[in-house]
Amino acid sequence: MGVKFCGECSNMLYPMEDKALRRSTKQRSLIYSCRSCGNKEAVTDLSEPVYRHVIAHQASEVTQETYDVTADPTLPRTYETACRNCGHKEAVYFQVPVGKNDDMLVLHFVCVNCRENWFSSDD
């Protein structure tokens, strides 16, 4: 799978579905489109694979936070939420997306005392 370049402006072409053709004929067709000048080129070799790899994380699969997250002065803190593990009332928190579309966010809390993790959706 090689990189394709625009014949008009020499910028990179990106694979996408021809939505105009789909609206008019209900058929799906792959084209290469330039994001700079808007030029569209037909895909001539349909045997060439085109990949899109989307990684979706759920709140329970948050990428591992650093050990010093509780010492980060840029993160907001709460003194009103008790830790389930040790009962300490100070925690740092930040927002994390839920599901595939990132439409909904939950708060991810980390206890300053014992580093226990929990989410606002766990209540």
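Reading the values: the criteria
- Residues numbered from 1 in each chain as written.
- Predicted model: local features only at pLDDT ≥ 70, side-chain atom pairs only at ≥ 80, totals over all residues.
- Heavy atoms only, no water.
- Salt bridge = Lys/Arg side-chain N within 4 Å of Asp/Glu carboxyl O.
- Buried < 20%, exposed > 50% of the residue type's maximum accessible area, 1.4 Å probe, protein only.
- Phe/Tyr/Trp six-rings, centres within 6.5 Å; stacked < 30°, edge-to-face > 60°.
- Helix = DSSP H or I, 4+ residues; strand = E, 2+ residues; numbered from the N terminus.
- Lys NZ or Arg CZ within 6 Å of the ring centre and 35° of its normal.
- Core = buried A, V, L, I, M, F, W, Y, C linked by side-chain atoms within 4.5 Å.
- Contact = heavy atoms within 4.5 Å.
- UniProt positions renumbered as here; feature names shortened; annotations may be inferred.

Some remarks on the pattern of salt bridges
Thought 1: This structure, assessed with the given rule, holds 3 salt bridges.
Thought 2: Close ionic contact of Arg 22 with Glu 17 constitutes a salt bridge, the shortest N to O distance being 3.0 Å.
Thought 3: The class of Arg 22 is partly exposed, set by a relative accessible area of 37%.
Thought 4: Residue Glu 17 is classed as partly exposed on the basis of its relative accessible area, which comes to 23%.
Thought 5: One salt-bridge network, held together by shared partners, links Glu 17, Arg 22 and Arg 28.

Some remarks on the packing of aromatic side chains
Thought 1: Within this structure, the stated rule accounts for 2 aromatic pairs.
Thought 2: Here the aromatic rings of Tyr 93 and Phe 109 are separated by 5.7 Å at their centres, their planes lie at 40°, and the arrangement is tilted. Of the two residues, Tyr 93 sits in strand E5 (residues 91–98) while Phe 109 sits in strand E6 (residues 104–111), which places them 16 residues apart along the sequence.
Thought 3: The exposure class of Tyr 93 is partly exposed, given its relative accessible area of 24%.
Thought 4: Three or more aromatic residues joined by ring pairs make a cluster, and in this case those are Tyr 93, Phe 109 and Trp 118.
Thought 5: A cation over a ring is seen here: Arg 35 above Tyr 14, with NZ or CZ 3.6 Å from the ring centre.

Some points on the nonpolar core
Thought 1: If you look at the biggest cluster of nonpolar residues, it comprises 8 residues: Val 69, Leu 75, Val 92, Phe 94, Val 96, Val 106, Val 110 and Phe 119.
Thought 2: Listed by contribution, the elements that provide at least two residues to this core are E5 and E6.
Thought 3: Ranked by residues supplied to this core, first place goes to E5 with 3 residues.
Thought 4: With residues up to four places along the chain from it excluded, the contact list for Val 110 reads Val 69, Thr 70, Ala 91, Val 92, Phe 94, Arg 115, Glu 116 and Asn 117.

Some words on the UniProt feature "binding site: Zn(2+) 2" (unreviewed entry) in the protein chain
Thought 1: In the numbering used here, UniProt assigns the "binding site: Zn(2+) 2" (unreviewed entry) feature to Cys 83, Cys 86, Cys 111 and Cys 114. For this annotated set, covering 32 residues, all C-alpha atoms fall within 8.7 Å of each other, a compact arrangement in space.
Thought 2: Mapping Cys 86 onto the fold places it in the loop between strand E4 (77–78) and E5.
Thought 3: Given the relative accessible area of 36%, Cys 86 is considered partly exposed.
Thought 4: Topologically, Cys 111 is positioned in strand E6.
Thought 5: The class of Cys 111 is buried, set by a relative accessible area of 0%.
Thought 6: Not counting chain neighbours up to four residues away, the residues in contact with Cys 111 comprise Thr 70, Cys 83, Cys 86, His 88, Glu 90, Ala 91, Glu 116 and Trp 118.

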